[in-house]
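For reference, the chains in residue letters:
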Amino acid sequence: MTDSAPIGVIAATERGRTAAARLAAAWPGRVRTFTEDRAGEALRAAFAECGAVVAFLAVGAAVRALAPVLGDKHTDPPVVCVDEALQHAVAVLGGHHGGNDLASGVAGVLGCQPVVTTASDAASTAALDSYGADLGFAVADPAPLASAGAALLSGRPVRVESDQAWPLPPLPPNASPQTPPESAAAVLRVTDRTAPPCAETVPAVTYRPPSLVVGVGSARGAAAEEVGALIDASLDEAGLAPASVRALATVDVKADEEGILRAARDRGWPVRVFAAADLAGVEVPNPSEAVRAEVGTPSVAEAAALRAAADDGAGADLVAAKRKSANATAAVARLRPRGRLALVGLGPGARDLAAPRALAELHRASVVVGLDQYLDQVRDLLRPGTRVLASGLGQEEERARTAVGEARAGAAVALIGSGDAGVYAMASPALDFAGADIDVVGVPGITAAVAAAHRLGAPLGHDHAYISLSDLHTPWEAIERRVRAAAEGDFTVCFYNPRSRRRDWQLPEALDILARHRPPQTPVGHVRNAARDDERAVVTTLQAMREGGAEDVDMYTVVLVGSSASRTVAGRFVTPRGYTWRSAADETVP
Ligand code: SAH
């Protein structure tokens, strides 16, 4: 619930009012409660005035009350109904426009079941009316959506056409660029070009991607009508769709040029301005020395269009060269879409310890890259049509290159791993290869030490250090130096990659170093397969570990060694927050 539009809540009964109060407490400042006796009128008022509606009413009663005022699903607020027994939160209206998410949100607060009936969610595929919406796609004409959606869901062959590769979520396997036009039951087309390819005999949905930037220059005082007409003519002549224009760009001295601003406003486009010196560095086909003398850059329209498009994309191409009217110039550039790389940590194992955002990224990706054992854990979560690229242990570099390469080719990629993707994992090798030409998003995951800590007690209550004992990529001298420093610094130490069949002397040696700085009874905890089915947690002492306890440790284990302040309390490993517990309200955040 991050959106800030008010949520109207209708409660006609005592129970409904109590539940409404719980929603209001959960979403402070966002809930407007409508408690009129006449629930129908209250519902219509909320529907007219709020960004979303939750009604503690029967679905039938809500449908009857709203029927006369229903408009368009793109503009109507989503409506969720909750039954009197508080068992179900039903997404009744606007499922793909916030209703399904609202039902989940309400269910989360009230502890009831969300009920989602939109077909594409039931079949776990992307909904056609919101396909690409997070990238800014607009549906050119909603008429063919229903029949194309039906063809897609019933498994009939659907042809996918796209001018460029956009980082889109997967479509089911029956939707493919390989479907020949003659056997397609429907067409999904992503294009900023207006020309229809030929007479369409099957339902064809056209998506307008936000791929174009119009660059504009004008003389002081040029009328909005003239500027607008020039822009429209430029787009029209090049066969480009105005719905694909993401912005109008110009030089900073025109930032207050009313004709330009109004032409953009009339068309619903934001305006971006660039310094003349910045534009002077953009290579253009039609520079002008007269323009340079006047504004300090040899090109305004072409350079601004290219500059803005390159900024938002992985590069840009001029698709309509400079065109002039008496007082204005216009040009159009197309950006090359940036692919998307999500670095996703799945947590230690148990699915309910993976962040909902991590699972959402698995749905969002059309390509998922990872170690085969992690991919097996999440295969059931992947949408039909997702391409899975599995690799074995030890192929980290190849895995990182594959993920970055797929993103660079324009795909939405999730590179997955256990725990956190940035902790002894794939995020750093991937970012070593990734350029500015792809978007990168990271989803934090619960790392092994943190998961293990909760099985052991509270060992991380004060300063601690993570040290990997794997000397495959780090010389032992460096590892040893860090263990010594952690020992001297009196840190609690978390050892990752502690011991394998061929690497069995490093852990005993590290424990010896720590033992020189802390007492034999120092608590040590180790957890094997934390948060997995065969989890095993042991709390023991430094002395016992040195006398053979290390034998129980393998590569599925993380080992935590206490500081000199750590204690065992009722069998639990506890590191106190300080040697003396002082009240320091201005320093301590509990
Ligand atoms: N990115 C992972 C760490 C990968 S390094 C994370 O953030 O957790 C691999 C090492 O992590 C293993 O050798 C082991 O020491 C530790 N590890 C990972 N998952 C574990 C788990 N579920 N239980 C115990 N140790 C684990």
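Calculation rules
- Residues numbered from 1 in each chain as written.
- Predicted model: local features only at pLDDT ≥ 70, side-chain atom pairs only at ≥ 80, totals over all residues.
- Heavy atoms only, no water.
- Pairing = 2+ DSSP bridges.
- Helix = DSSP H or I, 4+ residues; strand = E, 2+ residues; numbered from the N terminus.
- Axes fitted to C-alpha atoms, helices over the stretch in contact; angles between N-to-C directions.
- Contact = heavy atoms within 4.5 Å.
- Patch = residues over 30% accessible without salt bridge, like charges linked within 9 Å, V, L, I, M, F, W, Y side chains within 5 Å.
- Areas by Shrake-Rupley, 256 points an atom, 1.4 Å probe, with all protein chains shown as cover.
- Salt bridge = Lys/Arg side-chain N within 4 Å of Asp/Glu carboxyl O.
- Lys, Arg positive; Asp, Glu negative; His and termini not counted.
- Charge placed at Lys NZ, Arg CZ, Asp CG, Glu CD.
- Buried < 20%, exposed > 50% of the residue type's maximum accessible area, 1.4 Å probe, protein only.
- Domains from an automatic or database assignment.
- Buried area = accessible area lost by both parts, 1.4 Å probe.
- Core = buried A, V, L, I, M, F, W, Y, C linked by side-chain atoms within 4.5 Å.
- Parallel < 35°, antiparallel > 145°, perpendicular 65-115°, else oblique.
- Nonpolar A, V, L, I, M, F, W, Y, C, P; charged D, E, K, R; others polar.

## Considerations on the sheet that holds strand 4 (residues 79–82)
Part 1: Across the sheet, which stays open at both edges, the six strands sit in the order 2-1-3-4-5-6 with mixed pairing between neighbours. Only two strands of the sheet have a single partner each, and these edge strands are strand 2 (31–34) and strand 6 (113–115). Across this sheet, the average inter-strand angle for adjacent strands is 20°, counted without regard to direction.
Part 2: Sheet analysis places strand 3 (residues 52–56) next to strand 4, joined by three bridges and oriented parallel. What sits directly across from Val53, in strand 4, is Val79.
Part 3: Across the sheet, helix 3 (residues 59–66) touches strand 4 and strand 5 (88–93), and the angle it forms with strand 5 is around 25°.

## Things to note about a positive patch on the surface
Part 1: A contiguous patch of positive charge, built from Arg481, Arg482, Arg484 and Arg516, is present on the exposed surface.
Part 2: Within the element layout of this structure, Arg516 appears in the loop between helix 18 (506–515) and strand 25 (523–528).
Part 3: Under the relative-accessibility criterion, Arg516 is labelled exposed at 62%.

## Quick look at the domain arrangement of the chain
Part 1: Domain boundaries assigned for the chain yield domain 1 (7–117), domain 2 (128–208), domain 3 (212–335), domain 4 (339–446) and domain 5 (449–574).
Part 2: In this structure, domain 2 and domain 3 have C-alpha centres spaced 31 Å apart.
Part 3: With seven residues of domain 2 at the interface, the matching set in domain 3 holds eight residues.
Part 4: Carbon and sulfur atoms make up 48% of the area that domain 2 and domain 3 hide from each other, which totals about 700 Å².
Part 5: Interface area lost by domain 2 to domain 3 is led by Asp192, Thr194 and Arg208, which between them contribute 62%.

## Details of the nonpolar core
Part 1: Counting residues in hydrophobic clusters, the biggest one holds 37 residues, and the most contacted among them are Leu128, Val158, Leu171, Leu188 and Tyr207.
Part 2: Every element with two or more residues in this core is listed here: helix 6 (145–153), strand 8 (158–162), strand 10 (186–190), strand 11 (204–208), strand 13 (245–251), helix 9 (276–280), helix 11 (301–312) and strand 16 (328–335).
Part 3: Sorting elements by how many residues they give to this core places helix 11 first, with six residues.
Part 4: Among the domains, domain 2 (128–208) and domain 3 (212–335) are the pair contributing at least three residues each to this core.
Part 5: Contacts of Leu171, omitting those with residues within four sequence positions, involve Tyr131, Leu152, Val160, Leu188, Pro384 and Gly385.

## Description of the pattern of salt bridges
Part 1: Enumeration over the complete set of coordinates arrives at 37 salt bridges.
Part 2: Two residues, Arg220 and Glu257, come together in a salt bridge whose shortest N-O distance is 2.5 Å. Here Arg220, found in the loop between strand 12 (212–218) and helix 7 (224–238), pairs with Glu257, found in the loop between strand 13 and helix 8 (258–267); they are 37 residues apart in sequence, far enough to count as distant.
Part 3: Using a relative accessible area of 2% as the deciding quantity, one classes Glu257 as buried.
Part 4: Notably, a salt bridge pairs Glu396 with Arg399, separated by 3.4 Å at the nearest N-O pair. Taken as a pair, Glu396 and Arg399 lie in helix 14 (residues 396–408) at a separation of three residues, close to a single helical turn.

## Re the packing of helix 1 (residues 14–26) against helix 4 (residues 99–110)
Part 1: Here helix 1 crosses helix 4 at 105°, and the two axes come no closer than 10 Å. As the angle between them shows, helix 1 and helix 4 are arranged roughly perpendicular. Of the residues in helix 4, those touching helix 1 at Ala19, Arg22, Leu23 and Ala26 are Val106, Val109 and Leu110.
Part 2: Here the residues of the contact of helix 1 with helix 4 sort into six nonpolar, no polar and one charged.

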